[in-house]
Structure formats: C-alpha cells, structure tokens
Amino acid sequence: MGKNLFLKGMFYGALAGGALSLLDKKTRQDMKVNVKRAYEQVSYVVRHPGEITENVKETAEKIRNTIEQVSEDISYITGKVDELRELTPQVKEMVKETKNTFSHQEDSARVEDLLKEVVVEEEPVEK
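Keep in mind it's a predicted model, so treat the numbers as computed, not measured.

S.K.: I tried to follow the overall build of the chain on my own but got confused; where do I start?
M.R.: Check the secondary structure of the chain and you find three helices and zero strands. Along the chain, helices and strands appear, N-terminal first, in the series α-α-α. Here the chain holds 127 residues, and 1% of them are scored as buried.

Following this line, the structure appears as structure tokens:
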C-alpha cells in the first residue's frame, strides 16, 4: 500500500509543480506554442496514416539495406583477412629464400673479389 501512495504522491506533486510553473507568463506562452504544435502533429498523423506508414516502411527498408551492405562488407573484409593469414607464412618463406639466395651470391662475390685482390698482389711486379 505504501508504494501506491508514493506513486500517487509523485503524480500529484508533478501536477502541482506544473500548475505552479504556469503562473509565469513566458512559460504559459511557451506551453501554448508547444501544445499547439503537438496537436497539429497528432492531427496530421491521424488524417494521413497511410503516408506515415509508408514513411516508416521506407525507413525500415533503408535500414535493412544498410545492414545487408554492412554485413556483406564485413564478410568481404573477413575473407581478405583470412587470405592474408594463409599467405603470410608463404610470403615469409619466400622472403627468407630470397634473402638466403642473395646472401649466398653476395658471399660468392666477396670471395671472388678477395681472390682477385690476392691474385693481383701475388703476381710479380715487372720492372
């Protein structure tokens, strides 16, 4: 029973507060404008229910299309990420092989350069 009184008290307090706020002329004018605007909007909805229904359907269709597009985009991106995950080990292996190949070629070139220097130094100098 206490809960019932609490809700009633809140309701009556809100009514009393609203009534007291209407003692201000500016507040009364603002309320008059707002109530008139709300009445016009409700009247329009009541007179044109088909138009409102059509607008709601169009909006729902746009939302559905957007959700489908986002879902397709996410699927595409997920597929590309999976492809990259599969390719990454292969690419790493190719890079290692290329590095090893070039490293061996550099070492061979260095050895040949060193051999040329040694051969040149060992040749007797003609006077």
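S.K.: What's the story with the pattern of salt bridges in this structure? I'm lost.
M.R.: Between side chains of opposite charge, a pair can form as their charged atoms come close. Summed over the entire model, instances satisfying the criterion amount to five salt bridges. A salt bridge links K26 to D30, with the nearest nitrogen and oxygen atoms 3.2 Å apart. Placement of both K26 and D30 in helix α2 (residues 25-47) is noted, with a separation of four residues, approximately one turn of the helix. Between K80 and E83 there is a salt bridge, with its nearest N and O atoms 3.7 Å apart. Placement of the pair is K80 and E83 together in helix α3 (residues 49-122), with a separation of three residues, close to one helical turn. A relative accessible area of 35% means that K80 is categorised as partly exposed. In this structure E83 comes out as partly exposed when scored by relative accessible area, which is 42%.

S.K.: Hey, could you run me through the confidence of the model for the chain in this one?
M.R.: Regions with low pLDDT should not have their predicted coordinates read in detail. Averaged over all residues, the pLDDT of the chain is 83; the fraction at 70 or higher stands at 77%. Mean pLDDT in the chain bottoms out at α3, which sits at 81, and peaks at α2, which reaches 93.

S.K.: For this particular structure, what's the right way to read a nonpolar patch on the surface?
M.R.: Nonpolar side chains collect at one region of the surface, where F6, L7 and M10 lie side by side and expose about 330 Å² of accessible area between them. One can find M10 in helix α1 (residues 2-21). Residue classification places M10 among the partly exposed residues on the basis of a relative accessible area of 47%.

Definitions and limits used
- Residues numbered from 1 in each chain as written.
- Predicted model: local features only at pLDDT ≥ 70, side-chain atom pairs only at ≥ 80, totals over all residues.
- Heavy atoms only, no water.
- Helix = DSSP H or I, 4+ residues; strand = E, 2+ residues; numbered from the N terminus.
- Buried < 20%, exposed > 50% of the residue type's maximum accessible area, 1.4 Å probe, protein only.
- Salt bridge = Lys/Arg side-chain N within 4 Å of Asp/Glu carboxyl O.
- pLDDT = per-residue confidence, 0-100.
- Patch = residues over 30% accessible without salt bridge, like charges linked within 9 Å, V, L, I, M, F, W, Y side chains within 5 Å.
- Areas by Shrake-Rupley, 256 points an atom, 1.4 Å probe, with all protein chains shown as cover.

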